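Each chain is listed here by its residues.
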Amino acid sequence: MSVYKIAGLGFCIESEEFDSFFYHNYRPFRVEAIGDAPLLFRMDFKPLPAVQGEPTCCFHTDRGVYRIWLQEYFYIVEFQLNGSKRKYRMRADKSWSQVETDIYANGLYDPLVLNELILIAFVYSAAFHDAVLLHASCIRYGERGVAFIGPSGIGKSTHSLLW
């Protein structure tokens, strides 16, 4: 099991493979134990049943398409990378505290997909802990912080580096 704490919020990934070089961006947040931090979610890996019916909602990102089914006791999220026929599923309870994914079900997978699923689980579960999430790049300016916010590709990181 891999344990992480980001902005004082913890989560667990039940896979040793997650510690591989594909996920180097998570290494600074790896901890031995969450301690007194809220546990946002625990992600397990297991086969999931096929999804029936039409999705409740669907949205596209620059990386792929999400389809979401709202069930009585849980959510089902399906993600498909742009240009790929493979669909990956994730099932979460209503509080997003217990998450399961079938990402390893058929062997090979794209590491970007697991990163996407973790991001979605983090965003939705953090909402239950009064967290506000920003897509930003931040710098320290004296004793203060400055956040550059905006959509992907607009130059937040570039401006941060220039400062």
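The model shown is predicted, which means the values in this text are computed figures rather than measured ones. (Residues numbered from 1 in each chain as written. Predicted model: local features only at pLDDT ≥ 70, side-chain atom pairs only at ≥ 80, totals over all residues. Heavy atoms only, no water.)

(A) Main features of the overall build of the protein. Secondary structure summary: the protein contains 2 helices and 11 strands in total. Moving toward the C terminus, one meets the helices and strands of the protein in the order β-β-β-β-β-β-β-β-β-α-β-β-α. On C-alpha atoms alone, the protein measures out to a radius of gyration of 17 Å, which is about the 15 Å that the 2.2 N^0.38 rule sets for 163 residues. For the protein, the spread of C-alpha atoms along the three principal axes comes to 55 × 35 × 30 Å. Taking all 163 residues of the protein together, 37% fall into the buried category. A sequence separation of at least 24 residues applies to 45% of the contacts in the protein between residues at least 6 apart. For the protein, the computed accessible surface area is about 10,000 Å², with 57% contributed by carbon and sulfur atoms. Side-chain charges of the protein comprise 16 positive and 18 negative groups, with the mean position of each set lying 4 Å from the other. (Helix = DSSP H or I, 4+ residues; strand = E, 2+ residues; numbered from the N terminus. Rg over C-alpha atoms; globule rule 2.2 N^0.38 Å. Buried < 20%, exposed > 50% of the residue type's maximum accessible area, 1.4 Å probe, protein only. Contact = heavy atoms within 4.5 Å. Areas by Shrake-Rupley, 256 points an atom, 1.4 Å probe, with all protein chains shown as cover. Lys, Arg positive; Asp, Glu negative; His and termini not counted. Charge placed at Lys NZ, Arg CZ, Asp CG, Glu CD.)

(B) Molecular detail of the sheet that holds strand E8 (residues 88–93). The strand order across the open sheet formed by 9 strands is E3-E1-E2-E4-E9-E8-E7-E6-E5, and the pairing between neighbours is mixed. Pairing within the sheet leaves two strands with one partner each, and these edge strands are strand E3 (30–31) and strand E5 (57–60). Here 6 bridges tie strand E7 (residues 74–81) to E8, and the two strands are oriented antiparallel to one another. Of the residues in E8, the one forming a bridge with isoleucine 76 is arginine 91. Sheet strands touched by helix H1 (residues 111–126): strand E1 (2–6), strand E2 (9–13), strand E4 (39–45), strand E6 (64–70), E7, E8 and strand E9 (98–101). Its angle to E4, the strand with the most contacts, is close to 145°. (Pairing = 2+ DSSP bridges. Axes fitted to C-alpha atoms, helices over the stretch in contact; angles between N-to-C directions.)

(C) Quick look at the pairing of E5. Bridge analysis of E5 against E6 gives 4 bridges, and the strand direction is antiparallel. Among the inter-strand pairings, cysteine 58 is bridged to a residue of E6, identified as arginine 67. Turn length for the E5-E6 hairpin, with the two strands adjacent in sequence and antiparallel, is 3 residues.

(D) Seen up close, the pattern of salt bridges. Going through the model one piece at a time under the given rule, you end up with 7 salt bridges. Across the salt bridge formed by arginine 63 and aspartate 62, the nearest N and O atoms sit 2.9 Å from each other. Residue class for aspartate 62 comes out exposed when judged on its relative accessible area of 58%. Here glutamate 78 and arginine 67 are joined by a salt bridge, their closest N and O atoms 3.4 Å apart. With glutamate 78 in strand E7 and arginine 67 in strand E6, this residue pair connects regions lying 11 residues apart in the sequence. What you see here is one network of salt bridges that share partners, running through Lys46, Arg91 and Glu100. (Salt bridge = Lys/Arg side-chain N within 4 Å of Asp/Glu carboxyl O.)

(E) Representation of unusual backbone geometry within the structure. Of note in the backbone geometry, tryptophan 96 takes a positive phi value of approximately 60° without being a glycine. You can see tryptophan 96 is positioned in the loop between E8 and E9.

(F) Layout of the environment of glutamine 52. Tracing the backbone through its elements, the reader meets glutamine 52 in the loop between E4 and E5. The exposure class of glutamine 52 is exposed, given its relative accessible area of 63%. The spatial distance from the C-alpha of glutamine 52 to the C-alpha of tryptophan 69 is 9.1 Å, given a sequence separation of 17 residues.

(G) View of the pairing of E4. Strand direction decides the pairing type here: E2 and E4, joined by 4 bridges, are parallel. Bridge pairing in E4 places phenylalanine 11 opposite phenylalanine 41. Pairing of E4 with E9 involves 4 bridges; the strand directions are parallel. What sits directly across from methionine 43, in E9, is valine 99.

Shape descriptors only; they carry no functional weight alone.
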